[in-house]
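# Survey of secondary and tertiary structure
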Amino acid sequence: MAEPSVSPAPPPAETPAAAPAAEGGEDGGVSKKAAKKAEAKAKKEAEKARRAAERAATAAASGSAAQTEDLAKDNYGQETHETKLSADLVEVNLKKLGDEHVGKSIKLRAWIQNARMQGAKMAFVELREEGNWSIQGVVAANPEGTPVSRQMVKWVGAINPESFVVVEAKVQKPLEPVKSCRVSNYELHITKCFVHAAAPTVLGMTLAAANRPVANFSDEEVPVEQEVEKLTIASAGEATGTPAASMLTHLDNIVMHKRSAVQQAIADIRGEMKELYRSYLRSHGFKEFEPPCLIAAASEGGANVFRMPYFEKEAFLAQSPQFYKQIEIAGGRKRVFSVGPVFRAENSNTPRHMTEFTGLDMEMEIKDDYREVVHVLEGVLFHIFRNIQERCPEEIALVRSVYPSEEFLLPEPGKEVRLTFAEGQKLLREEGPEEFRNVTDDEDMSTPQEKALGAIIRKKYNTDFYVLDKFPEGARPFYAKEDPTNRKVTNAYDLFMRGQEICSGGQRIHDPVELEARIRTKGIDPASPGIKEYWYWYCMATVLDYDRDEV
């Protein structure tokens, strides 16, 4: 680098021309006072110029040295087997960071959420761990070039977003809270940074888009320009300017989909719900079992099954563990439950149908009346609904910020809403929309009818949760037992949440003669593969089913 040029200092003022004319003497010359003033000013300017030259020379020498030798070269770069962090460092999760860590160096493994340069000597990065736990990192070059050099600052500031890094940093308090990060009262002054896995320069879907509501569930590709133009929707009523992504984009970029805080919150809520389900049933004498996913015959009837070759035969993916639950009871168990995948060949482009979901199923012996089971089902669902708010308040708030919803209303203990199917249809005829004024008691309820009834019950009983009992015979599978006092209806029920069925159950037929007759009325041959075997082992106990879709 060339030495900086410094203009020589002006000589001391010695001639009358150097002084202002206004301070001339009687003969028009320069007064002594003005001459001294000019001389002092010149000396001052010369001293300032000398100091500036010294600083420039020092800076030039330092810059030249920095360009020729990077003293921080071992403190950054791609992580290898030779990468070394301080051996005595403690790895701290961001959610556990506290005042006791201030002034201490820690180790952190995280994704680079964002990086920006602040001049040539400083860069800011946002480091994100699991969920939306993020913190601001500061990389500032030291005058001596170590442990952080200008080259290191430039390198860190250019790391691609969503790269996974490991850093060594000192915890400090920022001058003011960092609003863009969840951990706002601390920041990390980075001294080492290594990339463990580099992200591509261009991501197929950004994290911001992954945290937006899915905008389009179509199976067809959407042109990029249309997606940007039409799918820019607001989250929780705020215009963010971030384009939302279609379901296909989410599926094509499943890793980014999984990294989003909202999807991790949903997964955490699901996990807690399964634990609440298990804990409640175990405390009421239920035993868990594991049913197979391959079955010899369709358990729910109908055409909504996935067929597949099974060696020399044909098999089906289980629509539910129905047959196996009943075998457990016939085999001597009193109460059983299972948690596992269920498969339905149904159109998934609706808010309530999925080709694969996690089924929470239970089966129990009936002692006196099948409504014993309704009470157990209500109990386990109330246990889940009331405790999930306490266990996952932050996760629920995050999901609601992306997918807004009203507060879920539950009935007070002792005021549970239980209606017969006929009573529900009566409410629709009397208080529902005009198009449902002629619904009958022997036809199954459509999704629009269910939603309309849910709105009526919410207004009338101040609850989003209720039970419909005594479903029509034609709306239930062959193993549902008919009401002995009214053969048009069955001892079967649905449990509803926000106007949509989330659980079905009912008493099973345990008389072989009655069961055969019911099988034939449904157009099924009792001697067909899978049904023949089921028929014989099934007729040994009175049982019921709990079959729940995703919430």
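Residues numbered from 1 in each chain as written. Predicted model: local features only at pLDDT ≥ 70, side-chain atom pairs only at ≥ 80, totals over all residues. Heavy atoms only, no water.

When helices and strands are counted, the chain shows 14 helices and 20 strands. Each of the 551 residues in the chain was classed as buried or not, and the buried ones make up 42%. Long-range contacts, defined here as pairs at least 24 residues apart, represent 67% of the contacts in the chain between residues at least 6 apart. When the accessible surface of the chain is totalled, it reaches about 29900 Å², and 52% of it is carbon and sulfur. (Helix = DSSP H or I, 4+ residues; strand = E, 2+ residues; numbered from the N terminus. Buried < 20%, exposed > 50% of the residue type's maximum accessible area, 1.4 Å probe, protein only. Contact = heavy atoms within 4.5 Å. Areas by Shrake-Rupley, 256 points an atom, 1.4 Å probe, with all protein chains shown as cover.)

Another aspect to go through is the confidence of the model for the chain. For the chain, per-residue confidence averages 84 on the pLDDT scale, and residues scoring 70 or more make up 82% of the total. Within the model, the stretch residues 224-239 combines pLDDT values under 50 with 30 contacts to residues more than four positions away or in other chains. Overall, residues 540-551 carries pLDDT values under 50, and its contacts beyond four positions in sequence, including any with other chains, amount to 72 contacts. (pLDDT = per-residue confidence, 0-100.)

The next thing to look at is the environment of Leu427. With respect to the helices and strands, the residue Leu427 is situated in helix H11 (residues 421-431). A C-alpha to C-alpha distance of 9.3 Å links Leu427 and Arg437, two positions 10 residues apart in sequence. When residues no more than four places from it in sequence are discounted, the contact partners of Leu427 are Leu419, Gly432, Leu453, Ile456, Ile457 and Lys460.

Another aspect to go through is a nonpolar patch on the surface. Together, Leu251, Ile254 and Val255 line one region of the surface with nonpolar side chains, adding up to about 270 Å² of accessible area. Tracing the backbone through its elements, the reader meets Leu251 in helix H5 (residues 247-252). (Patch = residues over 30% accessible without salt bridge, like charges linked within 9 Å, V, L, I, M, F, W, Y side chains within 5 Å. Salt bridge = Lys/Arg side-chain N within 4 Å of Asp/Glu carboxyl O.)

Applying the stated criterion across every chain yields a total of 11 aromatic pairs. With a centroid separation of 4.9 Å and 50° between ring planes, the pair formed by Phe421 and Phe471 is classed as tilted. You can see Phe421 sitting in helix H11 and its partner Phe471 sitting in the loop between strand E15 (465-469) and strand E16 (482-483), a full 50 residues away along the chain. An aromatic cluster is present here, built from Phe382, Phe385, Phe408 and Phe465 joined pairwise through their rings. Over the ring of Trp133 we find Arg182; its NZ or CZ atom is 3.8 Å from the centre of that ring. Stacked on the ring of Phe471, the Lys or Arg Arg476 has its end atom at 4.3 Å from the ring centre. (Phe/Tyr/Trp six-rings, centres within 6.5 Å; stacked < 30°, edge-to-face > 60°. Lys NZ or Arg CZ within 6 Å of the ring centre and 35° of its normal.)

Turning our attention to the environment of Phe316. Note on placement: Phe316 falls in strand E11 (residues 313-317). Judged by its relative accessible area of 8%, Phe316 falls in the buried class. With 10 residues separating them in the primary sequence, Phe316 and Phe306 have C-alpha atoms 5.6 Å apart. In this structure Phe316 touches Cys293, Leu294, Ile295, Ala296, Ala297, Ala298, Val305, Phe306 and Arg307, once residues within four positions along its chain are discounted.

What follows covers the packing of helix H7 (residues 261-283) against helix H10 (residues 393-402). At a closest axis distance of 9 Å, the pairing of H7 and H10 adopts a crossing angle of 130°. Classified by the interaxial angle, the pair formed by H7 and H10 is oblique. Our pair here, H7 against H10, has a crossing hand that is left-handed. Here Ala261, Val262, Ala265, Ile266, Asp268 and Ile269 of H7 come into contact with H10, specifically with Glu395, Ile396, Leu398, Val399 and Val402. Grouping the amino acids of the contact of H7 with H10 by side-chain chemistry returns nine nonpolar, no polar and two charged. (Axes fitted to C-alpha atoms, helices over the stretch in contact; angles between N-to-C directions. Parallel < 35°, antiparallel > 145°, perpendicular 65-115°, else oblique. Left-handed = near helix turned anticlockwise from the far one by under 90°. Nonpolar A, V, L, I, M, F, W, Y, C, P; charged D, E, K, R; others polar.)

With that settled, consider the nonpolar core. If you look at soluble globular proteins, the nonpolar side chains tend to sit buried side by side. With 37 residues, the main nonpolar core has Tyr277, Leu281, Met362, Phe385, Tyr493 and Leu495 as its most contacted residues. Of all the secondary structure elements, the ones that give two or more residues to this core are H7, strand E13 (356-364), helix H9 (371-391), H10, E15, strand E18 (492-497) and strand E19 (500-506). If you tally residues by element for this core, the top one is H9, at 10 residues. Residues within four places of Leu495 in sequence aside, it is in contact with Leu377, Glu378, Leu381, Phe465, Tyr466, Val467, Gln500, Glu501, Ile502 and Cys503. Within the second largest apolar cluster, 31 residues are counted, among which are Ala72, Leu94, Ala110 and Ile159. (Core = buried A, V, L, I, M, F, W, Y, C linked by side-chain atoms within 4.5 Å.)

Right, let's talk about the pattern of salt bridges for a bit. Scanning all chains against the criterion turns up 34 salt bridges. Between Glu406 and Arg458 there is a salt bridge whose closest N-O contact spans 3.2 Å. Separated by 52 residues along the polypeptide, Glu406 in the loop between H10 and strand E14 (418-420) and Arg458 in helix H12 (residues 447-461) bring together distant segments of the chain. Given a relative accessible area of 25%, Arg458 falls into the partly exposed group. For Arg520, the salt bridge identified is with Glu516, shortest N-O distance 3.2 Å. Taken together, the residues Arg520 and Glu516, both in helix H13 (residues 512-521) and four residues apart, mark about one turn of the helix. It is possible to trace a salt-bridge network through shared partners that takes in Glu473, Glu482, Arg487, Arg518 and Lys522.

A few words now on the pairing of E13. For E13, a buried count of seven out of nine residues is recorded, marking the element as mostly surrounded by other parts of the structure. Sheet topology note: the strand E12 (residues 335-343)/E13 ladder contains nine bridges and is antiparallel. Directly across from Val339, in E13, lies its bridge partner Leu360. (Pairing = 2+ DSSP bridges.)

A few words on the side chain of His250. The residue His250 is located in helix H5 in this model. Setting aside anything within four residues of it in sequence, one finds His250 in contact with Met205, Ala209, Ala210, Val214, Ala245 and His257.

Turning our eyes to something else, we now look at H11. Of the residues making up H11, those classed as buried are Phe421, Gly424, Gln425, Leu427 and Leu428. Here the buried residues of H11 occupy an arc of 155° about the axis, which is enough to place them on one side. Its buried side turned inward, H11 meets E14, H12 and E15. (Arc of directions from axis to C-beta.)

It is worth spelling out the environment of Lys313 at this point. Within the secondary structure, Lys313 is located in strand E11. A relative accessible area of 66% means that Lys313 is categorised as exposed.

This brings us to the sheet that holds strand E10 (residues 307-310). In spatial order, the strands read E9-E11-E10; together these three strands make up an open sheet with antiparallel pairing. This sheet does not close on itself; its edge strands, each paired only once, are strand E9 (294-295) and E10. Across two bridges, E9 lies against E11 in antiparallel orientation. The residue of E11 that forms the bridge with Ile295 is Phe316.

Attention now moves to the pairing of E10. Note: E10 against E11, four bridges, orientation antiparallel. Within the sheet, the bridge partner assigned to Arg307 lies in E11 and is Phe316. A loop of two residues connects E10 with E11, the two strands running antiparallel in sequence, and Phe311 in this loop sits at a positive phi of about 55°.

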